[in-house]
Amino acid sequence: ELFSDMSLQYKDYQGNVDRDTFFFQNYFAWPIHLNFNTETKLQYLNSRVKPVFVDCPEEYQGDKNKPIAPINNENKYIYAKSLLKMRKEMESESDARVILGGRTYGFSGFLPGIIEEFTQAVIERHPVYLLGGFGGAASLLVDLIKKEKTVDDVITEACKDSHYEEFMRFCDINGINMGYDKLKEVVELGLDCFDNGLTKEQNTILMRSIDIIEIVGLIINGLKNKIENA
């Protein structure tokens with residue numbers, strides 16, 4: 001919503017903007033986008049936000065035109081699969097990723113959303129710029145990469161939500177891979193997982209910086225280096 005408001009302000013600042021021009025693209029997982037009415041969609045389009053509606057996971061055998069709520073473990077599994085599908089599609093259409101903030105518990109996926117997006121970005125070998133200075137799941141990722149915490153600590157934090165702890169048991173009993181093994185592989189790479197055109201020293205600064213000018217400068221420098229060495 002914040003980015004949508006900013007996009008609308010930018011559109012007004014630009015004056016006449018072509019109807020097919022978008023400043024921002026936002027992905028919505030199934031079944032979340034089923035709750036959008038025509039007015040909501042038109043508001044996004046008017047703000048020059050392009051909403052991308054990701055299809056339902058193939059595993060779901062119910063009516064794909066009716067929303068479901070994550071009120072039991074079976075539904076939570078479909079929700080988590082849907083969020084993962086959205087993040088994979090989003091990553092396939094991305095060139096680089098900036099990671100900051102994010103919940104560490106009380107989420108609806110297999111992993112905390114920011115951490116799942118980070119993992120997908122590294123798997124796709126896209127440049128990653130990790131900003132842990134603002135707290136949240138991104139800060140937890142910094143601790144993992146610096147080996148100050150372990151994946152078990154991520155699980156302990158997530159299980160502050162008793163419903164998630166129950167969901168984990170459900171996944172374990174049913175042999176469902178939640179993605180923690182892949183997260184472990186990724187963070188074992190240390191600073192090499194970023195592949196973002198910055199030196200290890202620069203990434204160390206970026207991971208803890210809260211200076212917006214410094215952060216933007218480092219990201220632009222890293223992207224420039226990636227392009228020049230492509």
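The shown structure was predicted, so the numbers you read here are calculated from the model rather than taken from an experiment.

Student: Sorry if this is basic, but what is going on with the overall build of the protein here?
Tutor: When helices and strands are tallied, the protein shows 10 helices and four strands. Helices and strands in the protein line up, N terminus first, as α-β-α-β-α-β-α-β-α-α-α-α-α-α. Radius of gyration (C-alpha) of the protein: 19 Å, near the 17 Å computed for a compact globule of 230 residues. Counting only C-alpha atoms and orienting by the principal axes, one finds that the protein spans roughly 50 × 45 × 30 Å. Taken across its 230 residues, the protein has 44% of its residues classed as buried. For the protein, the proportion of contacts with a sequence separation of at least 24, taken over those separated by at least 6, is 71%. Carbon and sulfur atoms make up 50% of the accessible area of the protein, which totals about 13,100 Å².

Student: Help me understand the confidence of the model for the protein in this model?
Tutor: A low pLDDT score tells you not to read the predicted coordinates there in detail. Looking at the protein as a whole, the pLDDT averages 95, with 100% of positions reaching at least 70. Across the protein, strand 4 (residues 128-131) holds the top mean pLDDT of 98, while helix 1 (residues 2-14) sits lowest at 86.

Student: Honestly, the pairing of strand 4 in this entry has me stumped. Any pointers?
Tutor: Side chains on a regular strand alternate between the two faces of the sheet. Of the two faces of strand 4, the one carrying Val128 and Leu130 and the one carrying Tyr129 and Leu131 are both buried. Of the crossover connections in this fold, the one passing from strand 3 (residues 97-100) over helix 4 (residues 113-123) to the parallel strand 4 is right-handed.

Student: Is there a simple way to explain the packing of helix 9 (residues 200-208) against helix 10 (residues 212-228) in this structure?
Tutor: Packed helix pairs are specified by the crossing angle of their axes together with the interaxial distance, meaning the distance between the axes. With their axes 10 Å apart at the nearest point, helix 9 and helix 10 run at an angle of 140 degrees to one another. Crossing of helix 9 over helix 10 shows left-handed handedness. Touching Gln202, Ile205 and Leu206 of helix 9 are Glu214, Ile215, Leu218 and Asn221, all from helix 10. Across the contact of helix 9 with helix 10, the residue classes break down as four nonpolar, two polar and one charged.

Student: Looking at this model, I keep getting lost on the side chain of serine 209. Mind explaining?
Tutor: With respect to the helices and strands, the residue serine 209 is situated in the loop between helix 9 and helix 10. Those residues within four positions of serine 209 in sequence are excluded, and the remaining contacts are Gly133, Phe134, Glu214 and Ile215.

Student: What is the right way to look at helix 2 (residues 38-46) in this model?
Tutor: Two or three places before glutamate 39, at the start of helix 2, stands the capping residue asparagine 37, its side-chain oxygen 3.2 Å from that residue's backbone nitrogen. Immediately downstream of helix 2, the backbone of arginine 48 shows phi near 65 degrees, a positive value.

Student: Help me out: how do you make sense of the pattern of salt bridges in this one?
Tutor: Opposite charge on two side chains permits pairing when their charged atoms draw close. Taken as a whole and assessed by the stated rule, the structure comprises 13 salt bridges. Residues glutamate 117 and arginine 87 are paired through a salt bridge, measuring 3.5 Å at the closest nitrogen-oxygen approach. Within this pair, whereas glutamate 117 is found in helix 4, its partner arginine 87 is found in helix 3 (residues 73-92), the two being separated by 30 residues in sequence. By the burial criterion, glutamate 117 is buried, and arginine 87 matches it. Aspartate 195 is the salt-bridge partner of lysine 226, the closest N and O atoms lying 3.2 Å from each other. Placement of the pair is lysine 226 in helix 10 and aspartate 195 in the loop between helix 8 (180-187) and helix 9, with a sequence separation of 31 residues. Look at lysine 226 and you get partly exposed, because its relative accessible area is 28%.

Student: Is there a simple way to think about the side chain of lysine 76 in this case?
Tutor: As for its placement among the helices and strands, lysine 76 is situated in helix 3. Buried charged residue lysine 76 carries no salt bridge. Nearest counter-charge: glutamate 166, at 5.4 Å. Here lysine 76 is in contact with Pro70, Ser108, His163 and Phe167, once residues within four sequence places are set aside.

Student: So what exactly am I meant to see when it comes to the packing of aromatic side chains here?
Tutor: Each aromatic ring pair is described using two quantities: the centre-to-centre distance and the angle formed by the ring planes. This structure, assessed with the given rule, holds 13 aromatic pairs. Relative to phenylalanine 53, the ring of phenylalanine 36 lies with its centre 5.9 Å away and its plane at 75 degrees, an arrangement referred to as edge-to-face. Of the two residues, phenylalanine 36 is situated in the loop between strand 1 (24-28) and helix 2 and phenylalanine 53 in strand 2 (residues 49-53); the sequence distance between them amounts to 17 residues. Ring geometry for phenylalanine 110 versus phenylalanine 167: centroids 6.1 Å apart, planes at 15 degrees, classification stacked. Pair noted here: phenylalanine 110 is in the loop between strand 3 and helix 4 and phenylalanine 167 is in helix 7 (residues 162-173), with a separation of 57 residues, a long-range link. Following the ring pairs from residue to residue traces out a cluster consisting of Tyr77, Phe107, Phe110, Tyr164, Phe167 and Phe170.

Reading guide: rules and limits
Residues numbered from 1 in each chain as written. Predicted model: local features only at pLDDT ≥ 70, side-chain atom pairs only at ≥ 80, totals over all residues. Heavy atoms only, no water. Helix = DSSP H or I, 4+ residues; strand = E, 2+ residues; numbered from the N terminus. Rg over C-alpha atoms; globule rule 2.2 N^0.38 Å. Buried < 20%, exposed > 50% of the residue type's maximum accessible area, 1.4 Å probe, protein only. Contact = heavy atoms within 4.5 Å. Areas by Shrake-Rupley, 256 points an atom, 1.4 Å probe, with all protein chains shown as cover. pLDDT = per-residue confidence, 0-100. Right-handed = clockwise from strand over helix to strand, strands pointing away. Axes fitted to C-alpha atoms, helices over the stretch in contact; angles between N-to-C directions. Left-handed = near helix turned anticlockwise from the far one by under 90°. Nonpolar A, V, L, I, M, F, W, Y, C, P; charged D, E, K, R; others polar. Polar contact = N/O pair within 3.5 Å; in protein donor to acceptor, adjacent residues only side chain to side chain. Salt bridge = Lys/Arg side-chain N within 4 Å of Asp/Glu carboxyl O. Lys, Arg positive; Asp, Glu negative; His and termini not counted. Phe/Tyr/Trp six-rings, centres within 6.5 Å; stacked < 30°, edge-to-face > 60°.

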